[in-house]
Amino acid sequence: MEVKIGVQHAPREIVLESDLSAEELERIVSEALTGSAPLLSLTDTKGRRVLVPSDRLSYVDLGEPSARKVGFGTI
């Protein structure tokens, strides 16, 4: 699933692919926004960890699950 994170005072958003479900991602983001967790911590599909201070979050966009297309398209 594609996740886009907006950070205050940052010109670009953070984009990553996650193996977590939408419900799991929503729970993690909710914990960060309610103050239960001081950091939003997500790991992408390549094993990289992204840490964002909870008080600096502008928005989190949870996209649709993406399926890779393999092969040639129709002509």
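In case you missed it, the structure is sitting above this.
Residues numbered from 1 in each chain as written. Predicted model: local features only at pLDDT ≥ 70, side-chain atom pairs only at ≥ 80, totals over all residues. Heavy atoms only, no water.

Draft legend 1. Seen up close, the overall build of the protein. Looking only at helices and strands, the protein features 1 helix and 5 strands. Starting at the N terminus, the α and β elements of the protein follow one another as β-β-α-β-β-β. Across the protein, every contact between residues at least 6 apart in sequence was considered, and the portion connecting residues at least 24 apart equals 50%. Carbon and sulfur atoms make up 52% of the accessible area of the protein, which totals about 5,800 Å². (Helix = DSSP H or I, 4+ residues; strand = E, 2+ residues; numbered from the N terminus. Contact = heavy atoms within 4.5 Å. Areas by Shrake-Rupley, 256 points an atom, 1.4 Å probe, with all protein chains shown as cover.)

Draft legend 2. Representation of the nonpolar core. In terms of nonpolar packing, the biggest core is built from 14 residues, with Val 3, Ile 5, Leu 40, Leu 42, Val 52 and Leu 57 touching the most fellow members. For this core, the secondary-structure elements that each account for two or more residues are β1 (2-7), α1 (22-34), β3 (39-43) and β4 (49-53). Each residue touching Leu 40, except ones within four places of it in the same chain, is listed here: Ile 5, Ile 28, Val 29, Ala 32, Val 50, Leu 51, Val 52, Ser 54, Leu 57 and Val 60. (Core = buried A, V, L, I, M, F, W, Y, C linked by side-chain atoms within 4.5 Å. Buried < 20%, exposed > 50% of the residue type's maximum accessible area, 1.4 Å probe, protein only.)

Draft legend 3. A look at the pairing of β1. Relative to strand β2 (residues 14-17), β1 is paired through 4 bridges, and the arrangement is antiparallel. Looking at the pairing, Val 3 lines up with Leu 16 of β2. Between β1 and β2, which pair antiparallel and follow one another directly, the connecting turn spans 6 residues, one of which, His 9, has a positive phi of 65°. When β1 meets strand β5 (residues 57-62), the two strands line up antiparallel, connected through 5 bridges. Across the sheet, the residue bridging to Gly 6 is Tyr 59, located in β5. (Pairing = 2+ DSSP bridges.)

Draft legend 4. Structural view of the pattern of salt bridges. For the coordinates displayed, the defined rule picks out 2 salt bridges. In this structure, Arg 27 engages Glu 31 in a salt bridge whose closest nitrogen and oxygen atoms are separated by 3.2 Å. Here Arg 27 and its partner Glu 31 are both found in helix α1, 4 residues apart, which amounts to about one turn of the helix. Overall, the relative accessible area of 46% leaves Arg 27 in the partly exposed class. (Salt bridge = Lys/Arg side-chain N within 4 Å of Asp/Glu carboxyl O.)

Draft legend 5. Quick look at the sheet that holds β1. The 3 strands are arranged β2-β1-β5 in an open sheet whose pairing can be described as antiparallel. Pairing within the sheet leaves two strands with one partner each, and these edge strands are β2 and β5. For this sheet, the mean inter-axis angle between neighbouring strands, taken without regard to orientation, is 15°. (Axes fitted to C-alpha atoms, helices over the stretch in contact; angles between N-to-C directions.)

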